[in-house]
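Letter by letter, the chains look like this.
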Amino acid sequence: MIFLMSFDHSKIEPKWQKYWEKEKLYRAEDFAKNPKQYILIEFPYPSGERLHVGHGRSYCCLDTVARLRRMQGNNVLFPIGWDAFGLPAENYAIKTGIHPSITTKENIANAKKQAQSWGLSFDWEREINTTDPDYYKWTQWIFLQLYKKGLAYRAEIPVNWCPKDKINLADEEVIAGRCERCGTPVTRRTQSQWMLKITAYADRLIDDLESVNYREDIKAQQINWIGRSEGAIIKFEILNPKSETNSKRLEIRKEAVEDRYLRRAEAKFEIPVFTTRADTLYGATFLVLSPEMGRNYLEKLPSEKRKEVEDYILKSLSKSELQRQEELKEKTGVFTGVYAQHPLTGEKLPVWVADFVLSGYGTGAIMAVPAHDQKDFEFARKYDLPRKEVIKNEKESKFPNEAFERGGTLINSAQFDGLQSKDAIDKITQFLVQKKSAEKTVDYKLRDWVFSRQHYWGEPIPIVYCRNCWEEKSEKQKKEAREGYEFSKIDGKEYAVVPVSEADLPVKLPYVENYKPTETGASPLAGIKKWVETPCPICNSQSIRETDTMPNWAGSSWYYLRYPDPKNDKKFADPDKLKYWMPVDWYNGGMEHTTLHLLYSRFWYKVLSDLGLVPTREPYARRTSHGVVLGPDGQKMSKSRGNVVNPDEVVAEFGADTFRMYEAFMGPFDQTIAWDPKGVLGVRRFLDKVWKSHQEIIGNKQPATSNELQRRLHRLIKKVEEDALNLKFNTAVAEMMKFINEVSSSEYRVAREDWKLFLKVLAPYAPHLAEELWHGLGEGESIHRQSWPQYDPKMIVEEKVTIVVQVDGKMRGKLELPAGTREVSVTELAADLDSVKPHFYGKKVAKTIFIPDNLINFVTN
RNA sequence: GGGCGGGUGGCGAAAUGGUAGACGCGCAGCCUUUAGGAGGCUGUGGGGAAACCCGUGGAGGUUCAAAUCCUCUCCCGCCCACCA
């Protein structure tokens, strides 16, 4: 008898991988008749670190799903590509001088080799790469559509600036207020940037979540991030003896949210304030402006105060993000010398400037209600400002020791006394609206998307600036352009903004010598005169290119739309193909992409949807997230800790099937779990047992499987199928282990035909071994082309059941009975059990609870 | 401060109203004379000789029956955060 302990994965795995490739087993076919299934994993960034075991979690488990779906008769699209623009390649280029395109190419080749060694069933014919001009042509094209819809605009906004490296930093490059590269505290300065108006889609991004199947916490995080809050803008008139005769009135900005970054010095006679708590209006005792807002009012201030206020503003604006965070506890501010009038009581309220008020939220000014807002309370205490209680709650009273922030009954609020907070918010707002001193509004925490990067390794923004086109405009046109976004000021001169014509796309990224951004904060592209100077698409006179590039979120915002038609050079994708494949049926990725990537890509999709270019309202029908894989020590994996698990080593030692199955088995899919090298071994032992059982089955030629084992097999089919679709890969694997344990224990034997069913169940998880054993049974066609076994519902039902016998809810005995035994018989048999009888002594049975085939409970009194 | 998860053996975890601890790791004993992640069998929540008792962070509650549902409370993790 041949008795092999183990199989040689290093031989069988590459063999079958080659076979699958040759047979084109995993090719997705456009317009096939069988139901489509689009399964998507977040495409990786091809870094020098290669793919890690965290990628493995997502790819291996979803690959299992893809394989299961194929066996179930679906036409599966399971693609992969490379999100290859980004900082690491650029930083590496700065250090070594090696061009990013070279390192990127190498990294992709390596990562691809890895992914292939895991036996993933990607359709490699659809591989995409965001740095390929044939791809980013369409990223630029979509940008132009956004521009034409008025969703891309330029604005002066504060950016992070590293004073040592003299470069602008993206938020993600700022770590704890310091520059990621050199550790210098980051300061802020303003610069003109391209922005995308994602806030215009804020409501739809919330509302449409109802139509998709995302895990609840993912939805909650998105809603929270968008941070919609309903409230009112209330205006407070400035009391200024010199200008009170001036009847000039300014309308409240209707779209305060959209114009947040463009707010100019126009609200000079009134201070608009955003609040969600109009019920506390009578408790407002002073107003506070953010430093940015305060600057707009400087000229209104009494001259003796002006210097002091200006100094405070300049000081707080120059503060680094780090300083601001450190100074959180201690609030500072300065009185402006100006008063505003309370819209209902007419009281004189002092106006302060303080940097605890944010310029980026609401109107950049607040009404302070110290009795009912903790921040205001602390500020009022420090500067000895009045506090007035206007909300009372019988159960709690925190005031005057601290602010009482919850709702209650109104007091000291004139005709509104006695109302409940919720009611009062409506009534007071309504009253103010009638008086024209307030407007209802909605505000969001979400801000427009800063789309410019002063870096080299990204998609060039396809815009040029033309001096000639500007000069040809009439004064009226110029004025209009200055108010909108159709112009730009470069080195003090004004230019017209001109989009590159679609026929001239892609705007290719040129080679540069020096990847470092310039000292002025411009991108490295600004140094290439030959590239920067270009004929204007409209007037053909010499104009200059935009030298900023797109953030690396750009290419990933639409990549899943390219897989259905990756080689199209006429459109970003053929509408019919999109209609066939979209939406993505199942999208899995990391929780860290919930707020940025997921939101950005939904936003782009909605824009394309409004243009009629995509077939649905939402891109992803289902979204799940996998948990983080920690190092064996339970800590986050990092080079410096030395706890990084290298998947290549695991695959080399134990094989891809072991690696894949361990990724599935290690724990609940959505949970953070530490990698356990011993656990890997356990999975390998299981596969060895499968191998061994297989040899025995071939050797023994068992004619029929025991009834018991056959039932287990059918239950296994059902469980593995259901578990995989419910993200319970760990219990699916456990069930297979249980089955094999029983097969290998001597009582049971399995017939060939039933063993084949088991191999099919195993195939999505351990595709190489299953294929090897399948062919070992003399089968000629791939196991991955077989259909998923149908379980027999009759076999699922138990023949014999264990009925638990309880007395007063405590387990006292068990009965093995045929399924369907009636209550009368069960009662009789149960009451007669030796282990049960003693518990009746001195008691009477008052009630019997009977759950068929499961449990009987005697309740005594 | 806000949002979202989570707390069950020595460890990763099963069980979402009905036998708590499936499956895996680890550990212990035995077997096969077995040399380098070896294999097989048996055992493995705690206490007890046993009957039995105790046991899912803690306290209460609902129920014939609670890890699971409700109320309060403690602890841990992740994300966001001076957001009006």
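Computed from a prediction, not measured in an experiment: that's the story for all the values here. (Residues numbered from 1 in each chain as written. Chains lettered and ligands numbered in written order. Predicted model: local features only at pLDDT ≥ 70, side-chain atom pairs only at ≥ 80, totals over all residues. Heavy atoms only, no water.)

(A) Seen up close, the overall build of chain A. The helix and strand inventory of chain A stands at 27 helices and 33 strands. Buried positions account for 54% of the 861 residues belonging to chain A. Within chain A, contacts between residues separated by at least 24 positions form 74% of all contacts whose residues are at least 6 apart in sequence. With an accessible surface of roughly 39,700 Å², chain A has 49% of that area assigned to carbon and sulfur atoms. With 128 positive and 123 negative side-chain charges, chain A shows a spacing of 1 Å between the two charge centroids. (Helix = DSSP H or I, 4+ residues; strand = E, 2+ residues; numbered from the N terminus. Buried < 20%, exposed > 50% of the residue type's maximum accessible area, 1.4 Å probe, protein only. Contact = heavy atoms within 4.5 Å. Areas by Shrake-Rupley, 256 points an atom, 1.4 Å probe, with all protein chains shown as cover. Lys, Arg positive; Asp, Glu negative; His and termini not counted. Charge placed at Lys NZ, Arg CZ, Asp CG, Glu CD.)

(B) Structural context of helix 11 (residues 374-383). Every buried residue of helix 11 is listed here: D376, F377, F379 and A380. When helix 11 is viewed along its axis, its buried side chains cluster within an angular range of 170° and face the same direction. Those residues of helix 11 that are buried lie in contact with strand 13 (286-289), strand 14 (333-341), strand 15 (348-354) and strand 16 (365-368). Measuring from the side-chain oxygen of the N-cap residue of helix 11 to the backbone nitrogen of K375 gives 2.9 Å; that N-cap residue is D373. Backbone geometry just after helix 11 places D384 at a positive phi near 55°. (Arc of directions from axis to C-beta. Polar contact = N/O pair within 3.5 Å; in protein donor to acceptor, adjacent residues only side chain to side chain.)

(C) Inspection of helix 1 (residues 9-23) at higher detail. The end-to-end C-alpha separation of helix 1 is 21 Å, in line with the 21 Å expected for 15 residues at 1.5 Å each. Turning to helix 1, its buried residues are H9, I12, E13, W16, Q17, Y19 and W20. For helix 1, the angular spread of buried residues about the axis comes to 165°, placing them on one side. Exposed positions of helix 1 whose direction lies more than 90 degrees from the buried face are K11, K18, E21 and K22. Taken together, the buried residues of helix 1 touch helix 2 (53-71), helix 4 (100-117), helix 19 (647-654), helix 20 (656-665), helix 21 (677-700) and helix 25 (767-776). Positioned one or two residues after helix 1, K24 has a phi angle of 50°, which is positive. (Expected span 1.5 Å × (residues − 1).)

(D) Here's a closer look at the protein's contact with RNA strand B. Close contacts around RNA strand B come from 50 residues, with T276, K375, K445, R685 and N857 the closest. Expressed as a percentage, the sugar and phosphate content of the atoms of RNA strand B within 4 Å of the protein is 63%. For RNA strand B, a sugar or linking oxygen lies 2.7 Å from a polar atom in the backbone of F356. Within the side chain of R685, a nitrogen or oxygen atom sits 2.6 Å from a phosphate oxygen of RNA strand B. Counting only elements with at least two residues in the surface near RNA strand B, the list comes to helix 7 (216-226), strand 12 (270-275), helix 21, helix 23 (729-744), strand 30 (800-807), strand 31 (810-818), strand 32 (845-851) and strand 33 (855-860). Across the surface near RNA strand B, the residue classes tally to 22 nonpolar, 13 polar and 15 charged. (Near = heavy atom within 4 Å. Nonpolar A, V, L, I, M, F, W, Y, C, P; charged D, E, K, R; others polar.)

(E) Structural detail: a nonpolar patch on the surface. Taken together, the side chains of Y92, I98 and I102 make up a nonpolar region of the molecular surface, amounting to roughly 250 Å² of accessible area. With respect to the element layout, I102 can be found in helix 4. (Patch = residues over 30% accessible without salt bridge, like charges linked within 9 Å, V, L, I, M, F, W, Y side chains within 5 Å. Salt bridge = Lys/Arg side-chain N within 4 Å of Asp/Glu carboxyl O.)

(F) Just the nonpolar core, in detail. In terms of nonpolar packing, the biggest core is built from 89 residues, with F143, W194, Y560, L561, F572, F603 and W604 touching the most fellow members. Among the elements that line this core, the one with the most residues is helix 5 (residues 133-148), at nine residues. Core analysis: the next-biggest nonpolar cluster, separate from the first, contains 86 residues, F686, A732, A766 and I783 among them. (Core = buried A, V, L, I, M, F, W, Y, C linked by side-chain atoms within 4.5 Å.)

(G) Local environment of the confidence of the model for chain A. Here chain A shows a mean pLDDT of 88. Residues at 70 or above account for 94%. Contacts of residues 241-267 to residues separated by more than four positions or lying in other chains number 51 contacts, the stretch itself having pLDDT below 50. (pLDDT = per-residue confidence, 0-100.)

(H) Focus on the pairing of strand 26 (residues 586-590). Burial analysis of strand 26 places five of its five residues in the buried class, which makes it a mostly covered element. The pairing of strand 1 (residues 36-41) with strand 26 spans three bridges and is parallel. Bridge pairing links I39 to W586 in strand 26. The parallel pair strand 26 and strand 27 (residues 622-626) is bridged by helix 18 (residues 597-610), and the resulting crossover is right-handed. (Pairing = 2+ DSSP bridges. Right-handed = clockwise from strand over helix to strand, strands pointing away.)

(I) Region of the structure containing the sheet that holds strand 22 (residues 487-490). Taken together, the five strands give an open sheet; going across it, the order is 22-23-21-25-24, and neighbouring strands pair in antiparallel fashion. Strands with a single pairing partner mark the edges of an open sheet, and in this sheet they are strand 22 and strand 24 (533-535). Across the sheet, the mean angle from the axis of one strand to that of its neighbour is 45°, orientation sign disregarded. (Axes fitted to C-alpha atoms, helices over the stretch in contact; angles between N-to-C directions.)

(J) Representation of the environment of P575. Its place among the elements puts P575 in helix 17 (residues 575-581). On the basis of relative accessibility, which here comes to 39%, the residue P575 falls in the partly exposed class. For the pair P575 and L613, spaced 38 residues apart in sequence, the C-alpha separation works out to 6.9 Å.

(K) Just the environment of K689, in detail. Residue position: K689 is located in helix 21. Separated by 86 residues in the primary sequence, K689 and F603 place their C-alpha atoms 50 Å from one another. Leave out the neighbours within four places in its chain, and K689 touches I740, N741 and S744.

(L) Broad picture of the pairing of strand 13. Residue alternation in strand 13 divides its side chains into two sets, F286 and V288 and L287 and L289, and both sets are buried. In this structure, strand 13 lies alongside strand 16, joined through four bridges in antiparallel fashion. Counted as the bridge partner of V288 is I366 from strand 16. As judged from the three bridges shared by strand 13 and strand 15, these two strands associate in the parallel manner. Its bridge partner being in strand 15, V288 is matched across the sheet by W352.

(M) The arrangement of the packing of aromatic side chains in detail. All told, the structure shown has 49 aromatic pairs when counted by the stated rule. Centre to centre, the rings of Y59 and F122 are 6.2 Å apart; their planes meet at 80°, and the pair counts as edge-to-face. With Y59 in helix 2 and F122 in the loop between helix 4 and strand 4 (128-129), this residue pair connects regions lying 63 residues apart in the sequence. Comparing Y59 with F122 shows no difference in burial state: the two are buried. Between F659 and W675, the aromatic rings sit 6.2 Å apart at their centres with planes inclined by 40°, giving tilted as the arrangement. With F659 in helix 20 and W675 in the loop between strand 29 (673-674) and helix 21, this pair connects stretches of sequence that are 16 residues apart. Both residues of the pair, F659 and W675, count as buried. Here the aromatic residues F143, Y147, W194, Y201, W449, F451, W553, Y600, F603 and W604 are joined through ring pairs into a cluster of three or more. A cation sits over an aromatic face here: K331 above F356, 5.7 Å from the ring centre. (Phe/Tyr/Trp six-rings, centres within 6.5 Å; stacked < 30°, edge-to-face > 60°. Lys NZ or Arg CZ within 6 Å of the ring centre and 35° of its normal.)

(N) View of the sheet that holds strand 1. Ordered by their spatial adjacency, five strands build an open sheet running 2-1-26-27-10, and the pairing between neighbours is parallel. Two strands close off the open sheet at either side, each with one partner strand: strand 2 (75-77) and strand 10 (213-214). Packing against the sheet, helix 2 makes contact with strand 1, strand 2, strand 26 and strand 27, and its axis sits at approximately 175° to strand 1.

(O) Expanded view of the packing of helix 3 (residues 87-96) against helix 4. Interhelical geometry of helix 3 versus helix 4 gives an angle of 125° and a closest axis separation of 9 Å. Comparing the axis directions of helix 3 and helix 4 gives the class oblique. At the point where helix 3 passes helix 4, the crossing takes the right-handed sense. Along the contact surface, helix 3 presents A89, E90, Y92 and A93, while helix 4 presents P100, T103 and T104. Broken down by class, the residue content of the contact of helix 3 with helix 4 amounts to four nonpolar, two polar and one charged. (Parallel < 35°, antiparallel > 145°, perpendicular 65-115°, else oblique. Left-handed = near helix turned anticlockwise from the far one by under 90°.)

(P) Quick look at the pattern of salt bridges. Enumeration over the complete set of coordinates arrives at 49 salt bridges. The salt bridge partner of E533 is K529, with a shortest N-O separation of 4.0 Å. By relative accessible area, E533 is classed as partly exposed at 33%. In this structure, D688 and R684 form a salt bridge, with 3.2 Å as the shortest nitrogen-oxygen distance. Of this pair, D688 and R684 are both found in helix 21, four residues apart, which corresponds to roughly one turn of the helix. R684 shares its class with D688; the two are buried. Overlapping salt bridges bring together D30, D123, R126, D565 and K577 as one network.

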